[in-house]
Amino acid sequence: MKSFLAVVVVLAVFASIEAALDRAQSLALAKKCAMKTGAKENPEELLDKQLIPETREGKCMFACVLKEKGLMKNGKVDGKAISDFFEKTYSDDPEKLEQAAAAVGKCSTLDVSGKDECEVAVAYAKCGKAEGFRLE
């Protein structure tokens, strides 16, 4: 029983460390993209408060993050890459994975014709947020 409890504690610690690393990586990437695009928004505040930027530069920061993560190519969100990302992210949570698949299906129907990559990134971020996903 003690060894089982030890394994559970170790797994919980690793999960916490992984979550902290994911947050640190996401934050570092957002900061890099903020510098690259000249965004004035604070990436940490956007992440913590789940805000979507309103400025042109802030919207382009979102597009930069999506491109850097391989989720946007040629000004378009890559549905296959996003599905793969969710499968990896929620591989241990079938309920969340099912919710993600439903969100991808719904958001994939967005009409983003005539929008540039910055507006496209924000449109999908808004859709994902409306579907209950945290911006990470």
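**As for helix α6 (residues 117-130)**
Here's step 1: Between its first and last C-alpha, α6 extends 20 Å over 14 residues, near the 20 Å set by a 1.5 Å rise per residue.
Here's step 2: For α6, the set of buried residues is Cys118, Val120, Ala121, Val122, Ala123, Tyr124, Ala125, Cys127 and Gly128.
Here's step 3: Looking at the buried side of α6, the elements it contacts are α3 (56-68), β1 (72-73), β2 (76-77) and α5 (94-107).
Here's step 4: Just downstream of α6 lies glycine 132, where phi reads positive at about 95°.

**With respect to the confidence of the model for the chain**
Here's step 1: Mean pLDDT over the chain stands at 80; residues scoring 70 or higher make up 82%.
Here's step 2: Mean pLDDT across the elements of the chain bottoms out in helix α1 (residues 2-37) (59) and peaks in α3 (94).
Here's step 3: Note that pLDDT drops below 50 for residues 1-21; the model gives that stretch 0 contacts with residues more than four away or on any other chain.

**Thoughts on the state of the cysteines**
Disulfide: a covalent bond formed between the sulfur atoms of two cysteine residues.
Here's step 1: Tallying each qualifying case throughout the model produces 3 disulfides.
Here's step 2: Note that cysteine 33 is cross-linked by a disulfide to cysteine 64, the S-S spacing being 2.1 Å. In this structure, the disulfide formed by cysteine 33 and cysteine 64 twists by about -70° around the S-S bond and is classed as left-handed. With cysteine 33 in helix α1 and cysteine 64 in helix α3, this residue pair connects regions lying 31 residues apart in the sequence.
Here's step 3: Residue pairing for cysteine 60: its cysteine sulfur links by disulfide to cysteine 118, the two sulfurs lying 2.0 Å apart. Note on the cysteine 60 and cysteine 118 pair: the S-S dihedral is about 100°, so by sign convention the disulfide is right-handed. Of this pair, cysteine 60 sits in helix α3 while cysteine 118 sits in helix α6, and the two are 58 residues apart along the sequence.
Here's step 4: Taken in sequence order, the bonded cysteines of the chain link in the pattern 1-3, 2-5, 4-6.

Reading guide: rules and limits
Residues numbered from 1 in each chain as written. Predicted model: local features only at pLDDT ≥ 70, side-chain atom pairs only at ≥ 80, totals over all residues. Heavy atoms only, no water. Helix = DSSP H or I, 4+ residues; strand = E, 2+ residues; numbered from the N terminus. Expected span 1.5 Å × (residues − 1). Buried < 20%, exposed > 50% of the residue type's maximum accessible area, 1.4 Å probe, protein only. Contact = heavy atoms within 4.5 Å. pLDDT = per-residue confidence, 0-100. Disulfide = S-S within 2.5 Å.

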